[in-house]
Amino acid sequence: MSYLDNIRNFSIIAHIDHGKSTLADRLIEKTGLVEARDMKEQYLDNMDIERERGITIKLQTTRLQYRAKDGQDYILNLIDTPGHVDFNYEVSRSLAACDGAVLVVDATQGVEAQTLGNVYLALDEDLEILPVLNKMDLDSARPDDARAEIEDIIGLDASEAPEISAKTGMGIDEMLEKLIEVIPPPQGDPDGKLKALIFDSYYDSYKGVIIYTRIFDGRVKRGDTIRMMNTGKNYEVTEVGYCIPGTVPADELKAGEVGYICGSIKQVADARVGDTITLANAPADAPLKGYKKAQSMVYCGIFPAEGEKYENVKDALEKLQVNDAAFNFEPENSAALGYGYRCGFLGLLHMDVITERLAREFDLDVITTLPSVVYKVVMKDGEVLDIQNPSNLPAPALIAHIEEPIVKADIMTPNEYVGSIMTLCQNRRGNMIHMEYLTKTRVQLHYEMPLNEVIYDFFDALKSRTRGYASLDYEFLRYQPAKLVKLDILLNREPIDALSTIVPEEEAMAKGRGICEKLKEIIPRHQFEVPIQAAIGQKIIARETVRAYRKDVLAKCYGGDITRKKKLLEKQKAGKKRMRQFGSVTVPQEAFTEVLKLDDGR
Amino acid sequence: MTADNMDRKRGIYIHMPFCVQKCRYCAFLSFDAEGSPRKEYTDALEKEIRLRAELEKKNGTDKRIDTIYIGGGTPSVMDIASMSEMVKTLKNSFDVEPDAEFTLEANPATLGRKDGVMLAKLQAYKFMGVNRLSMGVQSMDNDRLHYLGRIHTAENVARDMDIIRRKGFGNVNLDLMFSVPGESGDDALSDLEKILAFAPEHISCYSLQIEEGTPFGEMAESGELTEVPDEEDRETYHRICRRLSEAGYEHYEISNFARKGEDPGAPSPYRSRHNSLYWNMDEYIGLGLGASGFVNGVRYKNTSDLEEYLSALDAGRLPLEEEHKNTAFDNISEAVFTGLRRREGVRYEDAVRAYIDTDDAGKKNLTSYADFRDCFWEIFAEAKEEAFGYAGKGLLTIDNDGLKLTEQGIDISNSIMSLFV
């Protein structure tokens, strides 16, 4: 019998909120690796933002030891997966490191869009899937319905799915036994040429980049020179070991095992997820399949706010990039906002997380501009430009046509909301491909939609129209020609580049009007009239005016309460610091993000 | 301390937080007079007066009192007997100048229903030493008075003024409120004409401010009430300023106008001496619930909780809520923004003295006006460019002596003042 027979490499897959992280916590606790007193809520989600939002962005991986009822000790490598559509590629690479997956289905909710999306990703990696029904401690659990949904929608036999409560620990032992039975042990040749999959990495200030890896063939130890097969870079291994969790050094890692490798690597981009590690002096013939370069889908400008130093922003972005291969940035100069950076993200959530970390971890005051997707601009001379910054859009006369990214959006919903979802998608230029009844009451809608329509607030709109019941999964499909125009915003007749957007021609009028109205609310009155205009090229399509003269006088200091008056003046002064000066017009910094929240009832 | 400061006198402000009925716009501290512990309150006030006076004597910082101002609320709803006791205690405890200005706020229709009662009440105030009355007229339109939640009518005002004059009060202020929802500029000017007919020595004019937490505040939020647009409000204000100037009043502070004396070139003798303390960085002792004071370089505020106020004094403690020892910058900053409320503006020298006279702010050898000017702009270097920007737009006058707001500048006085905090 091989050592491989006592290893199980698995992931837990679930829809957001279905209890993945709680289950991981319970497993860690159960197998005694972390003392109960060290247990934080959701051990694996180690960023505050993740814990607050109940989502996992950065992976954690853990080696568990479990003595099964057959008396044997098993190594269970739990490989966590990020839980959001923005991180599909990362999810797929984590799954590729596994031999099976535990599918957690909330017994009170049933199957959701992401459940299905993640199951498909797991099936693509040829994984055995063990369904389990979670939240069985709740009165509202309906295991029979959930079981039926798993069978009808996913097509897995759920008759023996363990019923558990990750919260209370109920049914966890039975689940582990079942896991050992259902999920196959890894295969691989420890004496073959090294092939190790990078499924995650993070930067440690002492050790450099720490690579999480699954060894498929061969072995690796300290002192070896490794080569990244896709990037071609070589590094000397300084340490290998297991994640128990944390990093515990070991002599070597060999085929079938999961662990970490350090090699004085400076930034995570050099150890890209999906790349294959081999030995420089005895390389494998071909890398593992599935490697993709990180591709930013959404861009926005990040500028230091008034009083914030450009250098501080740069330092912070560099630090974030060291740990996030999917995040990139380059300097940008805006006439309105000065020097800043154009930043690329996997999606809107990724963007939110980064901007929030800038504020929280680095205590920075930044202005983020309207997010934009990448447009392919086909010029009349045949040249094709990638444009993600509206300011860089060439003059309309030079453009043959513009193409925008289209995504395939799958929405799963209880059937009573189909009508309102269809209206929503139609208003967002969605094109319905088909609709299917998964069960009598659950429907899946398949749409093709411009990514541009999804990135603003589509998810929020979807949730609010379905009382939170609908779920969304989307992925990039193709580029498609569209009638798009650049919408400029002028304040006091001066165009403000940071407020320009690229919009569909037919919506330009409504969008322009909406932005002008919003700005009218935000921009304080001046001693002169401030016209706010929306324009396409030279043509003004909407106009609002901030009337002149704001009365700004307090009549009395009652009973000599000078202190109160002073506090009011100090507050006013502090408020002014958060303003930006554009020529003679003063604009609050919120304006740049507030125009995003354009609730036009669509 | 400079010789100039030695001569400076103090004022006393006393707060009376009781009203017959709270007005719908009012965000100030007041309770229904009926059923409130008014007697306990004046008893507590007497204790506070004695405590304050003892403290000042002990510290050797007591000074002569040049002004007394009893405000509210509605001081005229207080029982004459207890008021009189309190004033006696005040005069026994502090060294009040014989010619001190002594103002009492009174609301129309609170001085008594019968003429005889009114005359007797006013006589009692005279005995106490009150020599200036400030009447909360607010409007001369009965519908608007009702809308504001005032308890009086225009007829009450006429009758009160008649009796006040008969009683020989020769220094009377009338408050006028404008920009009440639904009120036009013409309405406000017509109110003003009716007020001018009483030939008051002093007029206070201010626009209604809708405050949160008042009935008007709630009505504004629900859309039940539409505020007068800023443009109209400011136009009315400037019309009022013009009319009062024609009528021989001196516009000596943003919202205050004093009838000119015999020498029209000299400052009016009817300026409120007490309120001027606030704008000159002079000292005043605040007494009573929620009252503010500025004594020995410290700004303080009393508690606004009536129970706490009474129990603190019961226990022989001053009912302080906060105390703040002004820094040199606090002093100059306050000197500037309060000084800018005066039409004369603030002189560099006065502002800079408020700064360098503060403890360790450093004695500088400043003699010429240019020294003070340069020192001033050194302290406010950050504000200089914007201040001169306002000057360029005709909103602020900056000359060799100091700065003052123009009449247009008043409209945005807060923006300008906030440069200096």
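The model shown is predicted, which means the values in this text are computed figures rather than measured ones.

Let us now look at the overall build of chain B. When helices and strands are counted, chain B shows 17 helices and 17 strands. Per-residue burial for chain B yields a buried fraction of 57% across its 421 residues. Of all intrachain contacts in chain B linking residues separated by at least 6 positions in sequence, the fraction that spans at least 24 positions is 71%. Only carbon and sulfur atoms are counted for the fraction: they give 47% of the accessible area of chain B, which is about 17600 Å².

As a further point, take the overall build of chain A. Counting secondary structure elements, chain A contains 14 helices and 33 strands. Across the 602 residues that make up chain A, the buried fraction comes to 58%. Sequence separation of at least 24 residues holds for 69% of the intrachain contacts in chain A that already meet a minimum separation of 6. Accessible surface, chain A as shown: approximately 25300 Å² in total, 47% of it carbon and sulfur.

Turning our attention to the interface of chain B and chain A. Contacts between chain B and chain A engage 41 residues on the former and 28 residues on the latter. Around 3300 Å² of area is buried between chain B and chain A when both sides are counted, 49% of it from carbon and sulfur atoms. Here chain B and chain A share five salt bridges between them. A salt bridge links Asp561 of chain A to Lys301 of chain B; the nearest nitrogen and oxygen atoms lie 3.5 Å apart. Where chain B touches chain A, the interface holds five residue pairs in polar contact (both at pLDDT 80 or more). Its residues assigned to classes, the side of chain B that touches chain A comprises 14 nonpolar, twelve polar and 15 charged.

Residue and element names in this part refer to chain B. One can find Thr110 in the loop between strand S5 (96–106) and helix H4 (115–128). Only 2.5 Å separates the side chain of Thr110 from the backbone oxygen of Asn107, close enough to count as a polar contact. Setting aside residues up to four positions removed in sequence, Thr110 forms contacts with Val20, Thr74, Ser76, Val77, Lys121 and Ile151.

All names here are of chain B. Considering the arrangement of structural elements, one finds Glu56 in helix H2 (residues 38–59). Its relative accessible area of 2% is what places Glu56 among the buried residues. A distance of 3.5 Å separates a polar atom in the side chain of Glu56 from a polar atom in the side chain of Asn296.

What follows concerns the confidence of the model for chain A. All names here are of chain A. Of the residues in chain A, 91% have a pLDDT of 70 or more, and the chain-wide mean is 84. At the low end of the mean pLDDT range in chain A sits helix H2 (residues 48–53), at 48; at the high end sits strand S15 (residues 276–279), at 96. Contacts from residues 34–47, a stretch scored under 50 in pLDDT, to residues over four places away or in other chains number 36 contacts. Segment residues 50–59 is flagged for pLDDT under 50; beyond a separation of four residues in sequence, or across chains, it makes 42 contacts in the model.

Take the nonpolar core next. A general tendency of soluble globular proteins is for nonpolar side chains to be buried together. Residues and elements named next belong to chain B. The biggest cluster of nonpolar side chains holds 117 residues, and the ones touching the most others in it are Ile70, Leu340, Phe376, Leu403 and Phe420. A per-element tally of this core places helix H13 (residues 348–356) first, with six residues. Built from parts of two domains, this core gets at least three residues from each of domain 1 (3–279) and domain 2 (332–421). With residues near it in sequence (within four places) discarded, Phe420 still touches Phe329, Ser333, Val336, Leu340, Phe376, Trp377, Phe380, Ala383, Ala387 and Leu403.

Further remarks concern the pattern of salt bridges. Residue and element names in this part refer to chain A. Inspection of every chain in the model, using the stated rule, returns 64 salt bridges over all chains. The shortest N-O distance in the salt bridge between Asp410 and Lys408 comes to 3.1 Å. Taking the relative accessible area as the measure of exposure, Asp410 reaches 13% and is therefore buried. Classification of Lys408 as partly exposed rests on a relative accessible area of 30%.

This model, assessed by the stated rule, comprises 25 aromatic pairs over all chains. Measuring from ring centre to ring centre gives 5.2 Å for Tyr310 of chain A and Tyr341 of chain A, while their planes differ by 15°; the resulting arrangement is stacked. With a gap of 31 residues between them, Tyr310 of chain A in helix H7 (residues 310–322) and Tyr341 of chain A in strand S18 (residues 338–345) connect regions that are remote in the sequence. Here the aromatic residues Phe329, Tyr348, Phe376, Trp377, Phe380, Phe388 and Phe420 of chain B are joined through ring pairs into a cluster of three or more. Arg299 of chain B extends its terminal NZ or CZ atom over the ring of Phe294 of chain B, reaching a point 3.8 Å from the ring centre.

Residues and elements named next belong to chain A. Along strand S23 (residues 399–414), 13 of the 16 residues are buried, which leaves the element largely enclosed by surrounding structure. Sheet topology places S23 next to strand S25 (residues 442–450); nine bridges connect them, and they run antiparallel. Following the sheet pairing, Pro414 is matched in S25 by Arg442.

Residue and element names in this part refer to chain B. Ordered in space as S15-S17-S16, the three strands form an open sheet in which the pairing is antiparallel. The open sheet has two edge strands, strand S15 (346–347) and strand S16 (396–398), and neither has a second partner. Note: S16 against strand S17 (residues 402–405), three bridges, orientation antiparallel. Residue Thr397 lies in a different strand from S17, and its bridge partner there is Lys404.

Residues and elements named next belong to chain B. Among the surface-exposed residues, Asp305, Glu307, Glu308 and Glu321 lie close enough to one another that they form a single negatively charged patch. Relative to the assigned elements, Asp305 resides in the loop between strand S13 (298–302) and helix H11 (306–314). Residue Asp305 is classed as partly exposed on the basis of its relative accessible area of 36%.

Time to look at the environment of Asn173 of chain B. Residues and elements named next belong to chain B. Mapping Asn173 onto the fold places it in strand S7 (residues 172–178). Overall, Asn173 belongs to the buried group, its relative accessible area being 4%. C-alpha separation for the pair Asn173 and Met135, spaced 38 residues apart in sequence, amounts to 6.0 Å. For Asn173, the side chain forms a polar contact with the side chain of Asp175, separated by 3.1 Å.

Here the focus is the pairing of S7 of chain B. Residues and elements named next belong to chain B. Taking burial as the measure, the seven residues of S7 include seven buried ones, the bulk of the element. Both faces of S7 are covered, namely the face carrying Val172, Leu174, Leu176 and Phe178 and the face carrying Asn173, Asp175 and Met177. Pairing analysis gives four bridges linking strand S6 (residues 132–138) to S7, with the strands arranged parallel. Residue Met135 lies in a different strand from S7, and its bridge partner there is Leu174. Across six bridges, S7 lies against strand S8 (residues 202–207) in parallel orientation. Across the sheet, Met177 pairs through a bridge with Tyr206, a residue of S8. For the crossover from S7 across helix H7 (residues 185–196) to S8, the handedness is right-handed.

Take the packing of H13 of chain B against helix H14 (residues 369–379) of chain B next. Residues and elements named next belong to chain B. Direction vectors running N to C along H13 and H14 enclose 60°, while the axes themselves pass 9 Å from each other. As judged from the angle between their axes, H13 and H14 are oblique. Viewed along their axes, H13 and H14 form a crossing whose handedness is left-handed. Together, Tyr348, Glu349, Ala351, Val352, Arg353 and Tyr355 of H13 and Phe372, Arg373, Cys375, Phe376, Trp377 and Ile379 of H14 make up the contact between the two elements. For the contact of H13 with H14, a count of residues per class yields nine nonpolar, no polar and three charged.

Let us look at helix H8 (residues 215–222) of chain B. All names here are of chain B. Among the residues making up H8, those that are buried are Phe216, Gly217 and Met219. Each buried residue of H8 lies within a common arc of 165° when the element is viewed along its axis, so the set occupies one face. The outward face of H8, more than 90 degrees from its buried face, is lined by the exposed residues Glu218, Glu221 and Ser222. Among the structural elements, helix H5 (142–148) are those in contact with the buried residues of H8. Of the residues trailing H8, Gly223 is marked for its positive phi of about 85°.

Analysis parameters
- Residues numbered from 1 in each chain as written.
- Chains lettered and ligands numbered in written order.
- Predicted model: local features only at pLDDT ≥ 70, side-chain atom pairs only at ≥ 80, totals over all residues.
- Heavy atoms only, no water.
- Helix = DSSP H or I, 4+ residues; strand = E, 2+ residues; numbered from the N terminus.
- Buried < 20%, exposed > 50% of the residue type's maximum accessible area, 1.4 Å probe, protein only.
- Contact = heavy atoms within 4.5 Å.
- Areas by Shrake-Rupley, 256 points an atom, 1.4 Å probe, with all protein chains shown as cover.
- Buried area = accessible area lost by both parts, 1.4 Å probe.
- Salt bridge = Lys/Arg side-chain N within 4 Å of Asp/Glu carboxyl O.
- Polar contact = N/O pair within 3.5 Å; in protein donor to acceptor, adjacent residues only side chain to side chain.
- Nonpolar A, V, L, I, M, F, W, Y, C, P; charged D, E, K, R; others polar.
- pLDDT = per-residue confidence, 0-100.
- Core = buried A, V, L, I, M, F, W, Y, C linked by side-chain atoms within 4.5 Å.
- Domains from an automatic or database assignment.
- Phe/Tyr/Trp six-rings, centres within 6.5 Å; stacked < 30°, edge-to-face > 60°.
- Lys NZ or Arg CZ within 6 Å of the ring centre and 35° of its normal.
- Pairing = 2+ DSSP bridges.
- Patch = residues over 30% accessible without salt bridge, like charges linked within 9 Å, V, L, I, M, F, W, Y side chains within 5 Å.
- Lys, Arg positive; Asp, Glu negative; His and termini not counted.
- Charge placed at Lys NZ, Arg CZ, Asp CG, Glu CD.
- Right-handed = clockwise from strand over helix to strand, strands pointing away.
- Axes fitted to C-alpha atoms, helices over the stretch in contact; angles between N-to-C directions.
- Parallel < 35°, antiparallel > 145°, perpendicular 65-115°, else oblique.
- Left-handed = near helix turned anticlockwise from the far one by under 90°.
- Arc of directions from axis to C-beta.

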